[in-house]
Amino acid sequence: MKRWNGWGEEATQKALSSESMALLSGLTGNPHEGQVILSKEEALKRAGEKVFSGWEGVDSSAEARLSHARGQSFADWLALRQGHGLRFPEGVVYPKDEGEIRKHLEGARRGGARIVVYGGGTSVVGHINRPAGEKPVVIMDMQRMGRLLSVDRTSQMARFEAGVRGPDIEAQLSPHGMIMGHFPQSYEYATLGGWVATRSSGQQSLYYGRIEDLFAGGRLITAEGEMELPPLPASSAGMDLRQVWMGSEGLMGVISEATMRVRALPEVESFHGVFFPRWEQAEEFAREVVQSRVPVSMIRLSSGKETFVTLALAGKPTQIRWLERYLSWRGVREEKCLVIVGLTGKAAQVKQTRAMVGRLASAQGGVWIGQSLGRAWKKNRFHGPYLRNTLWDHGWGVDTLETAMPYAQVRAAVAKIEAALEEAAAAFGEKILVYTHLSHFYITGCAIYTTYLFRLQRTPEETFAMWKAMKSKASEAILSLRGTISHQHGVGKDHAAYLGAEKSAMGMEWMRSMVEKADPEGLFANGNLFPAVESVL
Ligand SMILES: Cc1cc2nc3c(=O)[nH]c(=O)nc-3n(C[C@H](O)[C@H](O)[C@H](O)COP(=O)(O)OP(=O)(O)OC[C@H]3O[C@@H](n4cnc5c(N)ncnc54)[C@H](O)[C@@H]3O)c2cc1C
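Residues numbered from 1 in each chain as written. Predicted model: local features only at pLDDT ≥ 70, side-chain atom pairs only at ≥ 80, totals over all residues. Heavy atoms only, no water.

Asks: How would you summarise the packing of helix α4 (residues 74-82) against helix α16 (residues 386-393) if you had to cite specific residues and measurements?
Replies: Put simply, α4 and α16 touch, their axes get as near as 13 Å, and they point 50 degrees apart. For the element pair α4 / α16, the angle class is oblique. Crossing handedness for the pair α4 and α16: right-handed. Taken together, the residues of α16 that come into contact with α4 (itself represented by Phe74, Trp77, Leu78, Arg81 and Gln82) are Arg388, Asn389, Trp392 and Asp393. A per-class count over the contact of α4 with α16 returns four nonpolar, two polar and three charged. (Axes fitted to C-alpha atoms, helices over the stretch in contact; angles between N-to-C directions. Helix = DSSP H or I, 4+ residues; strand = E, 2+ residues; numbered from the N terminus. Parallel < 35°, antiparallel > 145°, perpendicular 65-115°, else oblique. Left-handed = near helix turned anticlockwise from the far one by under 90°. Contact = heavy atoms within 4.5 Å. Nonpolar A, V, L, I, M, F, W, Y, C, P; charged D, E, K, R; others polar.)

Asks: How would you sum up the nonpolar core? Please name residues and give values.
Replies: Grouped together as the largest cluster of nonpolar side chains are 55 residues, with contacts concentrated most on Phe285, Leu421, Ile432, Leu438, Phe441, Tyr452 and Met470. Of all the elements, helix α17 (residues 407-426) adds the most residues to this core, at eight residues. Aside from chain neighbours lying at most four places away, what touches leucine 421 is Leu401, Ile432, Val434, Thr450, Tyr452, Met470 and Ala474. In this structure, Tyr187, Leu192, Leu229 and Ala518 belong to the second largest nonpolar core, which totals 42 residues. (Core = buried A, V, L, I, M, F, W, Y, C linked by side-chain atoms within 4.5 Å. Buried < 20%, exposed > 50% of the residue type's maximum accessible area, 1.4 Å probe, protein only.)

Asks: With reference to specific residues and values, describe the packing of α17 against helix α18 (residues 460-480).
Replies: For any two helices packed against each other, the geometry comes down to the angle between their axes and how far apart the axes lie. Relative orientation of the contacting elements α17 and α18 amounts to 150 degrees, with a least axis distance of 8 Å. When the axis of α17 is compared with that of α18, the two are roughly antiparallel. Viewed along their axes, α17 and α18 form a crossing whose handedness is right-handed. Where α17 approaches α18, its residues Lys416, Ile417, Ala420, Leu421, Ala424 and Ala425 are matched on the opposing element by Met466, Ala469, Met470, Lys473, Ala474, Ala477, Ile478 and Ser480. Residues of the contact of α17 with α18, tallied by class, amount to 11 nonpolar, one polar and two charged.

Asks: So what about the packing of aromatic side chains? Which residues, and what values?
Replies: Counted according to the given criterion, the structure contains 18 aromatic pairs. The interplanar angle of 90 degrees and the centroid separation of 6.1 Å between the aromatic rings of phenylalanine 183 and tyrosine 208 together place this pair among those described as edge-to-face. A residue pair is termed long-range when its members are at least 10 positions apart, and phenylalanine 183 in the loop between β6 (178-179) and α7 (192-198) and tyrosine 208 in helix α8 (residues 205-208) qualify at 25 residues. Summarising the burial analysis for this pair, phenylalanine 183 and tyrosine 208 share the class buried. Ring geometry for tyrosine 452 and phenylalanine 454: centres 5.8 Å apart, planes at 25 degrees, overall stacked. Neither residue differs from the other here; tyrosine 452 and phenylalanine 454 are each classed as buried. The aromatic ring of tyrosine 207 is capped on one face by arginine 263, whose charged end is 4.3 Å from the ring centroid. In this arrangement the basic side chain of arginine 388 is found over the ring face of tryptophan 77, its NZ or CZ atom lying 4.2 Å from the centre. (Phe/Tyr/Trp six-rings, centres within 6.5 Å; stacked < 30°, edge-to-face > 60°. Lys NZ or Arg CZ within 6 Å of the ring centre and 35° of its normal.)

None of this, on its own, says anything about what the molecule does.
Encoded structure:
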């Protein structure tokens, strides 16, 4: 069964050894005892307090309202685990086809309700949370629309209903010998519609592309009518409206179908570990690979601190000791940075790529250690978030934030973002653990992904205040460096206040008028993108 107040299936547990806990306590202090715990019974009682009659097909049970109340942001966890700011939608609908989508939109219009479209509920920026206001809010959960509708092997395209989840995409494509290859860390639960609506990016985007590269066309059901965009290979016919749907975050209507660019299953795939003596060399290597157009499928570059934490929490002290001895003998010591390189494709091409990447790594003092760490990364690629459950149970909160910016700014940005988080926590008398990796390398720059781990405070209110201060200070640091407020998580409600800095006042007005044109009555007014009172920051 899926956890109601955390990540993933209840049966999947990720243990934290006593050595790991001692390490974290050493870095942050011992966790505070006696945390507030909201039981499921109490949460259901709260959800059951308001009854909404709705229209035919609306489920207003406490169970449905609780399970669709929040996404996966830190503030969402604080709401679900400790009751902080927990609010519920009035009901949930589960359309099985476009006919039912239309029926529910009509029901909402007549009932004066708002619709929040819900994919997998994996948003980390408040996308699907109940917007403020008096109007009843009904969640439209797309989970029953998960079918593969057609495959065109010749043109390498596949048409799906938009509620399809990551694993079901690949399971339905694989009998055709095809793969889409979009693997965000939330892959197990996130949906195609959610990826398109939030401009998502997968771990192997260097090979398979971001969602913008994969999304060829589709169908959108708006409050005013329907729009279909044909899946053309390219077009110079006016503006590209796919780009408007992408990032629309549920404000313009329901994406009911999407035609995706897919490809033949790769002949081979492997992930390799390379250690560099220092961050500068690792960064130089990654940039060189990408700017030389060497066709790797992934580069993930951990900072010295992230490398330290990864090895320390790996739970294999003997192997790690041997590895460190070997690295030290090769001149890679305290400041070492781990880079995971993915190679994917036809066997002959991968062989050639491996040789080219090997040469570039050696030129920067990199030590190639084979596939053991790469295999471990692949095995756990979707399991990292499960640790969040365990950490919380032991009194630690963890959150991540991300941006992208040109290479010339990256090093300074990492230092500034980490310092902003540490300083904000220090104002609360707290020491936190902060580390960063770079991923999603482009020709001109890359994504910066920072993790921060901290003690839950004595009360939910104090925890929220500290988290909010850290997130706000780090967001301001990102903006001061002219980075994007989001490379992959989107805007939702939590980043809305920062969007204007990237789009300009005029850009915000253009976007607002497009949304108003698609939805003049505000049927889909979910509070995303445009700054409003409901942002938690
Ligand atoms: C542990 C974890 C790891 C993550 N890793 C990544 C990552 O590696 N890369 C990445 O890109 N993101 C990542 N995310 C963020 C999140 O998974 C993405 O934002 C994802 O695209 C959301 O998809 P979803 O189906 O869950 O959408 P939801 O969270 O349900 O909704 C997100 C938004 O999309 C809209 N929407 C959903 N479906 C439709 C539809 N059919 N039509 C119109 N609008 C729709 C909703 O209204 C909402 O505004 C991660 C999240 C978590 C919790």
